[in-house]
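This is what each chain is made of:
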Amino acid sequence: MEKPIITVNNLGKRYLLGLGGGEHYRALRDVMANSVKNIFKRNNKNEDPQRIWALKGITFDIRAGEKVGIIGGNGAGKSTLLKILSEITEPTEGEAHIYGRVASLLEVGTGFHPELTGKENVFMNGAILGMTRAEIKKKYDEIVSFAEIKRFLDTPVKRYSSGMYVRLAFAVAAHLEPEILLVDEVLAVGDIAFQKKCLGKMGEVAKGGRTVLFVSHNMGAIRSLCESVIWLDSGQIVKKGNADEVVRDYEDNQLKRFDESSYVVERSQEEVKNKSFYFSRVKMLNKRGENTTIFRYNDKLILIVDLRGEPTIDFSPEFHIYNELGQFVACGAAGPYHGKYFSSKVRKVRIEIGPLTLTSGRYRILLSVMIGNVRVDTWDNVIGFTITECQPFATNWEIPTHREGVCVINQSFSKIEGEDSQ
Amino acid sequence: MNTEYVKVIKKHHGLISIDFNELWRYRELFWFLALRDILVRYKQAVIGIAWSILQPLFTMVVFSVIFGRLAKLPSDGVPYPILIFTALLPWQFFAHSMSASSQSIVGSASIISKVYFPRLIIPTSAVISGTIDFCISFVILIGMMVWYKIVPTANIVYLPLFVLLTFTAALAVGLWLSALNAEFRDVFYVVPFLVQAGQYISPVAYSSSIIPEKWKFLYSLNPMVGVIDGFRWSILGTATPHWIDITISAASVLVIFTGGLLYFRKMERTFADVI
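Numbering of residues starts from 1 in every chain and runs along the sequence as written. Written order determines the labels here, with chains lettered from A and ligands numbered from 1. In keeping with the predicted nature of the model, local features appear solely for residues at pLDDT of at least 70, side-chain atom pairs appear and are counted solely at 80 or more, and the whole-chain, interface and lining totals rest on all residues.

Caption draft 1: A look at the overall build of chain B. What chain B contains, in helices and strands, is 13 helices and one strand. Over its C-alpha atoms chain B spans a radius of gyration of 20 Å, differing by no more than 12% from the 19 Å that the globule rule assigns to 275 residues. Along the longest, intermediate and shortest principal axes, the C-alpha atoms of chain B span 70 × 45 × 35 Å. Expressed as a percentage of the 275 residues in chain B, the buried residues total 43%. The contact criterion used here is simple: two residues whose C-beta atoms, placed from the backbone, lie within 7 Å are in contact. Contacts in chain B between residues far apart in sequence, at least 24 positions, make up 82% of those at least 6 positions apart. Each helix corresponds to a stretch of at least 4 residues labelled H or I by DSSP, and each strand to a stretch of at least 2 residues labelled E; elements are numbered beginning at the N terminus. Values of the radius of gyration come from C-alpha atoms, whereas the globule rule sets the reference at 2.2 Å times the count of residues to the power 0.38. Residues with at least 20 neighbouring C-beta atoms inside 10 Å of their own are called buried, those with 12 or fewer are called exposed, and the rest are partly exposed, where every C-beta is derived from the backbone.

Following this line, the structure appears as structure tokens:
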């Protein structure tokens, strides 16, 4: 078997809580005061509860040319692992051997200075990332055309739009040519078109035989870029192996966790004491009849609502859907839309919603009921649901609400024949 | 597979030697970082350059009036303003570079926590970036010497040695303070005090000839004593320098520098965790 390009053996990193990334810096005077105190104390070397293991017992090998995704929730230790491998910080125990030149891309635009021009920053940033002046010069034109900012090269980057800034910064990084590339979630910035381009460039880099370690929350990107995946949780490896398999297990696990949020809501008596007709309970199901509040793009959502009270005549239930930004996304109404009015004896109604052509994010539902022209009950913020994945198109591009709109509409792109430039 | 770059990542214990090969590989970064500081500083060109001309001139005038005219301190046979300016030249370089250097690690937190390169580059390039001000002051000194019709002596050939000593002294103190500052933020408040006190315990505003002989040894432990005496001697040819004192200062620079390097190397492993 081929010798691995990276071997990691029982790697661990312990942090002191309160240090790093807080206002709690150590002050020299405190240290002096404490050391005076400590002279009179017995030195105990017990495990300090203030210390936590950000990584513990990490062991794996990576073959040359392998593309490895690293996934896991926040605080799982993904970034710490990359920081250790890129020598930014030292492990507390264990060791790693790396046979090749490493470039790490934990952030785009490291070392960019707002007062310097685009051109100056390209050279600066390149040097920080470990490129020589000659290398940068050779790649300069390529970098500039990749970033699409030719006209602004002599403008200080403080005048750039955030999109231009990111494009230039990523362009430099994308032209690094190390044997091993460590990439943190840097694609979560910039506009969609450019993100796509960066993913393409990364794919190209990966195909070029380079070894890539890629941290991301974007499962679509992980699936399309990586062959194998390491899943971390609380600083330990949960599973490693084939990308599709590990990602699927990871997602299932995420769904189970989410599902602890309630899919049945009972209304409090307090809320309905003056109402003659009202919703008393709601339950959310998926198409297979399982209780859940988790859905994917194009799934169907089913609400079972219970009603109480004495309506005089037929009634029409309605629902509104709001997204996480508070935007009114869609609504449904039995009477006006479908001509369906329920008789006053009905006490349980099934509402089927979908396919949900919604972008990934959180949503909440409002229920109301109309009798004639009177809205006799409104139950706001009844129940929430989450669209965990929205990758409707062939590239598996993930479409989240906060960035790319409230819903997905069908689309296609094609060129018009006979109109090409000569 | 490239066996040329084999890297072992693990916890290091004790003192770490300096990897000169690696520093050489990153040599361009020294200049890029220094250049960045210089470019940023002189981008607002008029203010930037005016400031580096006015500050030494103003200090010289104040010192000449107070110590030369009012206190009537001896001037070793040269005009008092010249005596002062030959000292201000290395002193201000030292003071600025050392302050910049001591802030440099904390000031580069965003880079340090995101990318690896030899950390020694940061305080060093902060010192290098002070050379522009030094050159500007040097031009002013030449102008003043023309004005006072003073011809430098042959000793001037030794000047580069003392420039190097100044540079080393600034870096030596900068290494200590930058590493200390990363760990203990209150070092920030100590630096201005050091600069102020240093100005008086170094022969900036006066000639070191007024120091009583019995205190000379202690006095010369201050690295800047040897530097300033050396500058005055090589530029003005003032009374034969006290070689013993200069040697003591130079030795003191070396000790601080070596200690600073070792301390810095020891501390740099945790920079990314504490800043």
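Here the narrative resumes.
Caption draft 2: Spatial organisation of the overall build of chain A. Secondary structure summary: chain A contains eleven helices and 18 strands in total. Within chain A, counting contacts between residues at least 6 apart in sequence, those at least 24 apart form 72% of the total.

Caption draft 3: Representation of the interface of chain B and chain A. The interface of chain B with chain A comprises 34 residues on the first partner and 48 residues on the second. Secondary-structure elements contributing two or more residues to the side of chain B that touches chain A are strand 1 (6-10), helix 2 (27-43), helix 5 (109-112) and helix 13 (271-274) of chain B. At seven residues, helix 2 of chain B tops the list of elements feeding residues into the side of chain B that touches chain A. When its residues are assigned to classes, the side of chain B that touches chain A shows 17 nonpolar, five polar and twelve charged. In this sheet, strand 1 of chain B lies alongside strand 4 (residues 93-99) of chain A in antiparallel orientation, the contact comprising five bridges. Each residue of the ladder has a partner; that of His97 of chain A, found in strand 1 of chain B, is Val8 of chain B. Note on residue categories: nonpolar means Ala, Val, Leu, Ile, Met, Phe, Trp, Tyr, Cys or Pro, charged means Asp, Glu, Lys or Arg, and polar means any other residue, Gly included. Any two strands with at least two DSSP-identified bridges between them are counted as paired.

Caption draft 4: Geometry of the sheet that holds strand 14 (residues 316-323) of chain A. Residue and element names in this part refer to chain A. Strand order in the open sheet formed by five strands is 12-18-17-14-15, with mixed pairing between adjacent strands. Taken across any chain shown, the strands that pair with only one partner, and hence form the sheet edges, are strand 12 (294-296) and strand 15 (328-333). The average undirected angle you get between the axes of adjacent strands in this sheet is 30 degrees. Here strand 12 runs beside strand 18 (residues 374-389); their pairing, made up of three bridges, is parallel. Directly across from Ile294, in strand 18, lies its bridge partner Thr386. Only C-alpha atoms enter the line fits that serve as axes; for helices the fit covers just the stretch in contact. Angles between N-to-C directions range over 0 to 180 degrees.

Caption draft 5: Highlighting the pairing of strand 9 (residues 236-242) of chain A. Residue and element names in this part refer to chain A. Summarising the sheet, strand 8 (residues 228-233) and strand 9 pair through six bridges and their orientation is antiparallel. Opposite Ile230, over in strand 9, you have Lys240 as the bridge partner. As consecutive antiparallel partners, strand 8 and strand 9 are separated by two residues, and within that stretch Ser234 has a phi angle of approximately 45 degrees, a positive value.

Caption draft 6: Representation of the domain arrangement of chain A within the structure. Residues and elements named next belong to chain A. You can read the domains of chain A as domain 1 (4-257) and domain 2 (265-404). On the domain 2 side, the residues contacting the six residues of domain 1 number seven residues. Ranked by residues supplied to the side of domain 1 that touches domain 2, first place goes to helix 7 (residues 219-225) with three residues. Here the side of domain 1 that touches domain 2 is composed, by residue class, of two nonpolar, three polar and one charged. Where each domain begins and ends is defined by an automated method or by a domain database.

Caption draft 7: Quick look at the sheet that holds strand 8 of chain A. Residues and elements named next belong to chain A. One open sheet holds the six strands; their spatial order is 5-6-7-3-8-9, and the pairing between them is mixed. Across the chains shown, the open sheet's two edge strands, defined by having one partner strand only, are strand 5 (102-105) and strand 9. Adjacent strand axes in the sheet meet at a mean angle of 15 degrees, parallel and antiparallel pairs treated alike. Relative to strand 7 (residues 211-215), strand 3 (residues 67-71) runs parallel, the two sharing four bridges.

Caption draft 8: A look at the environment of Ala182 of chain B. Residue and element names in this part refer to chain B. Structurally, Ala182 can be placed in helix 8 (residues 159-183). The exposure class assigned to Ala182 is buried, which follows from the 27 C-beta atoms found within 10 Å. The sequence separation of Ala182 and Val274 amounts to 92 residues, and the corresponding C-alpha distance is 6.8 Å. Apart from the residues within four sequence positions on either side, Ala182 is in contact with Ile105, Val106, Met267, Phe271, Val274 and Ile275.

Caption draft 9: How the structure looks around the packing of helix 6 (residues 121-128) of chain B against helix 8 of chain B. All names here are of chain B. For the pair helix 6 and helix 8, interaxial distance at closest approach is 9 Å and the crossing angle is 140 degrees. Judged by the inter-axis angle, helix 6 sits oblique to helix 8. Classified by chirality, the crossing of helix 8 by helix 6 is right-handed. Contacts from Pro123, Thr124, Ala126 and Val127 in helix 6 reach Phe167, Ala170, Leu171, Gly174, Leu175 and Ser178 in helix 8. A per-class count over the contact of helix 6 with helix 8 returns seven nonpolar, three polar and no charged. Should an angle lie under 35 degrees it is considered roughly parallel, over 145 roughly antiparallel, and from 65 to 115 roughly perpendicular; all remaining angles are considered oblique. By definition, turning the near helix anticlockwise from the far helix through less than a right angle yields a left-handed crossing, and turning it clockwise yields a right-handed one.

Caption draft 10: Structural detail: the confidence of the model for chain A. Residue and element names in this part refer to chain A. As a per-residue measure, pLDDT tells how confident the predictor is, with possible values from 0 to 100. Averaged over every residue, the pLDDT of chain A is 83; the share at 70 or more is 87%. Here helix 1 (residues 28-39) is the element of chain A with the lowest mean pLDDT, 67, and strand 16 (residues 348-353) is the one with the highest, 95. The model gives residues 19-24 a pLDDT under 50, and that stretch makes seven contacts with residues more than four places away or in other chains. Overall, residues 42-47 carries pLDDT values under 50, and its contacts beyond four positions in sequence, including any with other chains, amount to one contact.

Caption draft 11: Structural context of helix 11 (residues 223-236) of chain B. Residues and elements named next belong to chain B. Here helix 11 contains 14 residues, and its C-alpha end-to-end distance of 20 Å stays within 8% of the 20 Å for a straight helix at 1.5 Å per residue. Burial of helix 11 is extensive: 14 of the 14 residues sit out of reach of the surface. Once helix 11 finishes, Gly237 follows within two positions and takes phi at roughly 65 degrees, a positive value. Residue count minus one, scaled by 1.5 Å, sets the expected span of a helix.

Caption draft 12: Expanded view of the packing of helix 4 (residues 80-107) of chain B against helix 8 of chain B. All names here are of chain B. Where helix 4 contacts helix 8, the axes come no closer than 7 Å and their chain directions differ by 30 degrees. When the axis of helix 4 is compared with that of helix 8, the two are roughly parallel. In this structure, helix 4 crosses over helix 8, and the sense of that crossing is right-handed. In contact with Pro90, Phe93, Phe94, Ser97, Met98, Ser101, Ser102, Gln103, Ser104, Ile105 and Val106 of helix 4, helix 8 contributes Thr166, Ala169, Ala170, Leu171, Val173, Gly174, Leu177, Ser178, Ala179, Asn181 and Ala182. Residue composition of the contact of helix 4 with helix 8, by class: 13 nonpolar, nine polar and no charged.

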